[in-house]
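# Structural overview
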Amino acid sequence: MRRHNDLEEKLKLSIIIITCNRKRELLKAIQSVEEEVLKMDAEIIIIDNASTDGTRELVEKYLELNTVPYKYFYSNENLGVAGGRNLSVTLSDGDYMFFLDDDAEVVSKDFFKTLLKYMRMNPDVIAASVNIQEPLNNTNLNTEFSYTDKNNLLLIASYCGCAHILRKNFWNDKPLYPDKLIFGSEEMYASNVIWAQGKLVARFDDLVVNHFPSPINRYSGKERDINFLVNQYIIKCLTYPIITLGIVRVFFVLHLLKNGLLRKKYRLQIRRYIAERFNKAYVSRMPLTCWLKMLYFFGWKTIL
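Let me sum up the structure you'll find in this document. (Residues numbered from 1 in each chain as written. Predicted model: local features only at pLDDT ≥ 70, side-chain atom pairs only at ≥ 80, totals over all residues. Heavy atoms only, no water.)

### Observations regarding the layout of surface pockets
What counts, and what does not: Cavity: a set of points on a 1 Å grid over the protein atoms alone where a 1.4 Å probe fits but cannot get out. Pocket: an open set with protein on both sides within 12 Å along at least five of seven lines, its lining residues, like those of a cavity, having an atom within 4 Å of a point. Grid points are joined across faces, edges and corners, and a volume is the space filled by probe spheres set on the points. Only DSSP runs of H or I reaching four residues or more are called helices, and only runs of E reaching two or more are called strands; each is numbered from the N terminus. Residue polarity follows a fixed list, in which Ala, Val, Leu, Ile, Met, Phe, Trp, Tyr, Cys and Pro are nonpolar, Asp, Glu, Lys and Arg are charged, and the others, Gly among them, are polar.
Approximately 270 Å³ is the volume attributed to the second largest pocket. Only α1 (23-37) and α4 (111-121) provide two or more residues apiece to the lining of the second largest pocket. Examining the composition of the lining of the second largest pocket, we find that 5 residues originate from one element, α1, more than from any other. Here the lining of the second largest pocket is composed, by residue class, of 5 nonpolar, 3 polar and 6 charged.

### Thoughts on helix α6 (residues 221-239)
Along an α-helix, a turn takes 3.6 residues, which lines up residues three or four apart on a common side. Applied cut-off: Expected helix span is given by 1.5 Å per residue-to-residue step, counting one fewer step than there are residues. In this scheme, a residue with accessible area under 20% of its type's maximum is buried, one over 50% is exposed, and one in between is partly exposed, where area comes from a 1.4 Å probe on protein chains only. Should any heavy atoms of two residues lie within 4.5 Å, those residues are considered in contact.
With 19 residues, α6 should reach 27 Å at 1.5 Å per residue; the first-to-last C-alpha distance of 28 Å fits that figure. The complete set of buried residues in α6 reads Ile226, Asn227, Leu229, Val230, Asn231, Tyr233, Ile234, Ile235, Lys236, Cys237, Leu238 and Thr239. Where α6 is buried, its residues contact α5 (186-196), α7 (245-258), α8 (264-277) and α10 (300-303).

### Section: the side chain of Arg167
To keep things clear, this is the line we draw: Note on charges: Lys and Arg go in the positive column, Asp and Glu in the negative column, and His and the chain ends are not counted at all. By definition here, a salt bridge exists when the distance from a side-chain nitrogen of Lys or Arg to a carboxyl oxygen of Asp or Glu is within 4 Å. Under this definition, polar contacts are N or O atom pairs within 3.5 Å; protein pairs additionally need one hydrogen-donor-capable and one acceptor-capable atom, and for neighbouring residues in sequence, both atoms have to be side-chain atoms.
With respect to the helices and strands, the residue Arg167 is situated in strand β10 (residues 163-167). Buried and unpaired, Arg167 has Asp124 as its nearest opposite-charge partner, separated by 7.5 Å. Here the side chain of Arg167 touches Asn122 through a polar contact of 2.9 Å, landing on its backbone oxygen. A polar contact of 2.6 Å, which involves the side chain of Arg167, links it to the backbone oxygen of Val125. Those residues within four positions of Arg167 in sequence are excluded, and the remaining contacts are Asp95, Tyr96, Met119, Arg120, Asn122, Pro123, Val125 and Ile126.

### A look at the pairing of β10
Selection criterion: Pairing between strands is defined by DSSP: at least two bridges between the two strands are required.
Of all 5 residues that make up β10, 5 are buried, and the element is covered over most of its length. Sheet topology places strand β4 (residues 94-100) next to β10; 5 bridges connect them, and they run antiparallel. Directly across from Leu100, in β10, lies its bridge partner Ala163. One ladder, built from 3 bridges, connects strand β6 (residues 125-134) with β10; its direction is antiparallel.

### So, the packing of aromatic side chains
Just so we agree on the cut-off: When the centres of two rings from Phe, Tyr and Trp lie within 6.5 Å, Trp using its six-membered ring, the rings pair. Their planes under 30 degrees apart give stacked, over 60 give edge-to-face, and anything left gives tilted. For a Lys NZ or an Arg CZ to count as sitting over a ring, it must be within 6 Å of the ring centre and within 35 degrees of the ring normal.
Going through the model one piece at a time under the given rule, you end up with 13 aromatic pairs. Judged by centre distance (5.5 Å) and plane angle (75°), the rings of Phe98 and Phe111 are edge-to-face. One end of the pair, Phe98, is in strand β4; the other, Phe111, is in helix α4, with 13 residues separating them in the sequence. There is no split in this pair, since Phe98 and Phe111 are both buried. Measuring from centroid to centroid gives 5.1 Å for Phe98 and Phe112, while their planes differ by 85°, and the two rings are edge-to-face. Residue Phe98 is found in strand β4, and its partner Phe112 is found in helix α4; the two are separated by 14 residues along the sequence. Across the pair, exposure class does not vary: Phe98 and Phe112 are buried alike. When the ring centre of Phe99 is taken as origin, the NZ or CZ atom of Arg85, which lies over that ring, is 5.8 Å away.

### Some thoughts on α8
Just so we agree on the cut-off: Each C-beta atom gives one direction from the helix axis, and the arc is the one those directions make.
With 14 residues, α8 should reach 20 Å at 1.5 Å per residue; the first-to-last C-alpha distance of 20 Å fits that figure. For α8, the full list of buried residues reads Tyr266, Gln269, Ile270, Tyr273, Ile274 and Arg277. Taken end-on, α8 shows its buried residues confined to a sector of 135°, consistent with a single buried face. Along α8, the residues that are exposed and aim more than 90 degrees away from the buried face are Lys264, Leu268, Arg271 and Ala275. Buried-residue contacts for α8 involve α6 and α7.

Spelled out as structure tokens, the structure:
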């Protein structure tokens, strides 16, 4: 782990990028934020999940030449997205943590200046995502299930992990994610913990990030479907009120049926994933009143 321009005072912002064998995409992600980083109290943290493509050599050389404040942590094993983000809470020095996927790029001018302004204006917002576009597909990753509160703040059930900001102090005494989730829907866990504490999850649509999905090191097809559905099921079992878990189980089976995953060749894998990833230590149940409120505002398609 290395860091340039060591600062004694606590930083305002830590920009965190988790990567694995995507050195070209990662370099573009860094280039999209470096200009603003050099103008503010900020750092870039790169968590490398055991890359073997020369990522470290390329990126460290670039960062040193451009005198960007950074830390580089190389893991000898792939921690996954959830494990990498958990580690970043320990490594970061910022009051806020902004997570950017290694295949994404910040687009908006004064992106971080504006984002931090919004967070200061809305102290109850613990997590927030932004407007995430996929130019190659002419689509975006923003959920349609949202509502605007009386303060004209756009609230969402769960933030999108591709580009989001978290208040670090909220996580000082609680886990960010169950680390065995590896990849997929881990943001739902943190969001449910936030809502359960009476705090907010928001989205700022005037701030844009472009996402260019990389084909490297990602699940696809049925494997991707299984991964997301199992993680979502586990998170609901960990965070929803006990009285709702029967309903959760029924909808899990219905989701598997809809995706053609009730065949014998998938069932053993699904059971194995649940057994490996479920950990009672991460139980953090929301009150029934909170669950009902989320069901009312975001709809059953989002909550179940």
